[in-house]
Amino acid sequence: MNITFTCIKECLCHSTYRSTLTHRHTLTHSLSHTHTQHSCPIIETTVFITFPAKDVASPQMSSHPIIGIVGKSILLPCKLNSSTPIDLQTLILHWISKPNDQVVHAFNKGREDNSHQDVTYRNRTQIFQDQLPSGNFSLLLKDLKVDDDQTAFFLFHRQEYKSGHEIIQDKKLCLTNVKVAKSFQTPVVMINYEDRKAECSSTGGYPEPTLTWTDQNSVLDQDIPQIIRVPESGTFNISSTVNITENQILTCAIFNPTLNETLITTQTTTQNTNPSNNVSGIVIGFAIGALLFVVCIVAYRYIK
């Protein structure tokens, strides 16, 4: 299909796209454009553009968030189908993160160019240059951090044919939402018979979890859980207490919503959880033992 377009090329003064040009197309008439932030030259040209159906790109879109583990790597997939190998000398790629339009990784006409890469992603990204000609623009994001959670990534893609007249450009390809998580430690349950309470605690997980106490499948009323975020790592520690009774089977469950993971620990209380009764039993036992000792001494002397 052949279409005549009028193209306005405007230089973008934002550092994110400093090395690229934006092309806005309209049918049969020119677009007027006013740049409100910087004085940038505008070049207006009319070109004859051909869009062969076989060369139309088919970017992968992420319909569900990709879940990564803190400290591990995650792949942001992006595959464009092309009937012919892509010329790297005419290829421009920018992986961008939302919402602040930070440069994550860049490839500019035959080489990687991360001079404008945001410091957050320094030494944490990788593309596969040997697979670029086939349209594999996927990005490997390494050493995931909790700050990467709930971040959206997309690819800014631009390519010119060697003739300089035909241009393929897509602004937002392969939009991918990332969630980050980390498993909690197995819960630890401590029983305090003196206070008639049990405490459950766990550390080092992300995101914020929920904690539930049960007694043989019935949910127990608990004190408000104490949730603390560790400033250095961004992970969470959680603890909660519950009242206990005699001969009780307690289960503490900690649920991680991102990983859909539940960790449980079960503890059984003794038959008698009243500390005063325990002390009375010890005193009575001691008294009975002392009495038997005295009886034995008296009986021994009587026999002698």
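Above: the structure in question.
Residues numbered from 1 in each chain as written. Predicted model: local features only at pLDDT ≥ 70, side-chain atom pairs only at ≥ 80, totals over all residues. Heavy atoms only, no water.

Engineer: Whenever I open this one, the pairing of strand 18 (residues 236-243) confuses me. Can you help?
Structural biologist: Every other side chain in a regular strand lies on the same face of the sheet, so the side chains alternate between the two faces. Taken together, the seven bridges between strand 14 (residues 197-205) and strand 18 define a ladder with antiparallel strand orientation. Opposite Ser 201, over in strand 18, you have Ser 239 as the bridge partner. Examined bridge by bridge, strand 17 (residues 226-229) and strand 18 share four bridges and lie antiparallel to one another. Note on strand 18: the bridge partner recorded for Ile 227 is Ile 238. Connecting the antiparallel pair strand 17 and strand 18 is a turn made up of six residues, with Gly 234 showing a positive phi of about 80°. (Pairing = 2+ DSSP bridges. Helix = DSSP H or I, 4+ residues; strand = E, 2+ residues; numbered from the N terminus.)

Engineer: What is the right way to look at the side chain of Thr 258 in this model?
Structural biologist: By secondary structure assignment, the location of Thr 258 is in the loop between strand 19 (249-256) and strand 20 (261-268). With sequence-adjacent residues up to four places away left out, Thr 258 is seen in contact with Ile 67, Lys 179, Val 180, Ala 181 and Pro 207. (Contact = heavy atoms within 4.5 Å.)

Engineer: Honestly, the packing of aromatic side chains in this entry has me stumped. Any pointers?
Structural biologist: Between two aromatic rings, the relevant description is the distance of the centres plus the angle of the planes. Using the criterion set out here, one finds two aromatic pairs in the structure. With 6.2 Å between their ring centres and 70° between their planes, Tyr 121 and Phe 153 make a pair best called edge-to-face. Of this pair, Tyr 121 sits in the loop between strand 8 (111-112) and strand 9 (125-127) while Phe 153 sits in strand 11 (residues 151-160), and the two are 32 residues apart along the sequence. A residue is classified by how much of its surface remains accessible, and Tyr 121, at 2% relative accessible area, is buried. (Phe/Tyr/Trp six-rings, centres within 6.5 Å; stacked < 30°, edge-to-face > 60°. Buried < 20%, exposed > 50% of the residue type's maximum accessible area, 1.4 Å probe, protein only.)

Engineer: In this structure, what is going on with the sheet that holds strand 9? I would like to understand it.
Structural biologist: In spatial order, the strands read 5-10-9; together these three strands make up an open sheet with antiparallel pairing. A strand with exactly one partner marks an edge of an open sheet, and here the two such strands are strand 5 (74-76) and strand 9. Strand-to-strand twist in this sheet, taken as the mean axis angle between neighbours without regard to direction, amounts to 25°. For strand 5 and strand 10 (residues 139-141), the ladder comprises three bridges, and the chain directions are antiparallel. Within strand 10, the residue paired with Leu 75 across the bridge is Leu 140. (Axes fitted to C-alpha atoms, helices over the stretch in contact; angles between N-to-C directions.)

Engineer: Explain the pattern of salt bridges to me, please; I cannot follow it from the model alone.
Structural biologist: Opposite charge on two side chains lets them pair, provided their charged atoms get close. As enumerated under the stated definition, the model contains four salt bridges in all. A salt bridge links Arg 124 to Asp 148; the nearest nitrogen and oxygen atoms lie 2.5 Å apart. A residue pair is termed long-range when its members are at least 10 positions apart, and Arg 124 in the loop between strand 8 and strand 9 and Asp 148 in the loop between strand 10 and strand 11 qualify at 24 residues. What makes Arg 124 buried here is its relative accessible area of 5%. (Salt bridge = Lys/Arg side-chain N within 4 Å of Asp/Glu carboxyl O.)

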